[in-house]
Amino acid sequence: MPSSTVLQVCPLLSSLETALAAHHHTVRLAELPDPDAYLREHGGEVVAAVTSARIGVSNDLMDALPALRAIVHFGVGYETTDVTRARARGIDVSNTPDVLTDCVADLAVGALIDAMRRLSAADRFVRRGAWQEGAAFPLATKVSGKRVGILGLGRIGRAIARRLEGFGAELLYCSRTPAEDVSYRRVASPAALAAECDVLVVAVSAGGTTQGLVSAEVLDALGPAGYLVNVSRGSVIDEPALVKALVDGRIAGAALDVFADEPHVPEALLDLDTVVLLPHIASATHETREAMGELAFRNLHRFMTEGTLVTPVPAGR
């Protein structure tokens, strides 16, 4: 390779930043006084870029790096990078799958319980003194034994389903291809899945094919007794349709860890006790973030030393 420069596109986990700086000539783009000037003068020296799932590598940045051969994502998502375009340029792309599966599944189930049993709402009820003043908290919805639809039966969807088996849930799923190694019933479309379940859990990968997948039609199919849990990406849901459905009571409630324009949350949701709002924290544990950082570094280090990636994004994604 003509150069060994690594471009760190955005701030990352401190331990990952330390490892990058210790082992490779790493330039932190966000800390440069004039990033554009650096790219004009030195963009041709960069062979690998490390970025977050939220930021990715834009097409403009990709174009400014003619020698770029690898994009390493800290995170399981990579929809912020045009992977097809990168591959056409001969650029390999990686992410950090598997290491965050358990934490995302844990949070999905916890959020589901919170929304149905109204735990966060009950906490607010106590804190504002309503219980002490003699008010009665409204009855909630039982979790055990419910029919749960998993939209996207990949690594995370399967982990969520396994956890819900312990609640005696009847599990259904919708995915692009049948899963032959599970006993859950496959349903043909998101709307059909929503119509058959009490809770719809969204765990699909984000991207062009899943943009707005949970539409107004799907929400109508879920109905006034149905709950929605989203640990995928905000882009997967028609957010205005979801807000309207929640405000109008056309679905019973939701637990949302992701939004269309983060960190901005639709104002109409802020006062709804039927909605659990989380700041995109599904993988946000010390253990998981460190594991993600270690895997991102191993991807980068292997590429810089051997020219391959540990966890490349699969072909066709």
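Here we summarise the structure given alongside this text. (Residues numbered from 1 in each chain as written. Predicted model: local features only at pLDDT ≥ 70, side-chain atom pairs only at ≥ 80, totals over all residues. Heavy atoms only, no water.)

## Section: the packing of helix 5 (residues 101-117) against helix 7 (residues 155-165)
Helix-helix packing is characterised by the crossing angle of the two axes and by the distance between the axes. The interhelical angle for the contact between helix 5 and helix 7, taken along N-to-C directions, is 50 degrees, at an axis separation of 9 Å. Here helix 5 lies oblique to helix 7, going by the angle between them. Considering the relative orientation of helix 5 and helix 7, their crossing is right-handed. Packed against helix 5, whose contacting residues are Thr101, Asp102, Val104, Ala105, Asp106, Ala108, Val109 and Leu112, the element helix 7 presents Arg155, Ile156, Ala159, Ile160, Arg163 and Leu164 at the interface. (Axes fitted to C-alpha atoms, helices over the stretch in contact; angles between N-to-C directions. Helix = DSSP H or I, 4+ residues; strand = E, 2+ residues; numbered from the N terminus. Parallel < 35°, antiparallel > 145°, perpendicular 65-115°, else oblique. Left-handed = near helix turned anticlockwise from the far one by under 90°. Contact = heavy atoms within 4.5 Å.)

## What to know about empty space enclosed by the protein
Applying the stated criterion to the full structure yields two cavities of 30 Å³ or more. In terms of lining residues, the largest cavity is bounded by Asn230, Gly234, Ile237, Glu239, Leu242, Leu256, Val258, Phe259 and Ala260. Here the second largest cavity defines a volume of roughly 30 Å³. Considering only residue class, the lining of the second largest cavity consists of eight nonpolar, no polar and one charged. (1 Å grid on protein atoms, 1.4 Å probe; cavity = no way out; pocket = protein on both sides within 12 Å on 5 of 7 lines; lining within 4 Å. Points joined across faces, edges and corners; volume = space filled by probe spheres on them. Nonpolar A, V, L, I, M, F, W, Y, C, P; charged D, E, K, R; others polar.)

## What to know about the environment of Thr285
With respect to the helices and strands, Thr285 occurs in the loop between strand 12 (275-277) and helix 11 (286-306). When the C-alpha positions of Thr285 and Val104 are compared, they lie 9.9 Å apart, and in sequence the two are 181 residues distant.

## Some words on the sheet that holds strand 12
Taken together, the seven strands give an open sheet; going across it, the order is 8-7-6-9-10-11-12, and neighbouring strands pair in parallel fashion. What marks the edges here is a single partner per strand, and that holds for strand 8 (185-186) and strand 12. Pairing of strand 6 (residues 147-151) with strand 9 (residues 199-202), which is carried by four bridges, proceeds in the parallel orientation. Looking at strand 9, one finds that Ile150 is bridged to Val201. Packed on one face of the sheet, helix 5 meets strand 9, strand 10 (227-230), strand 11 (253-256) and strand 12 and runs near 150 degrees to strand 10. (Pairing = 2+ DSSP bridges.)

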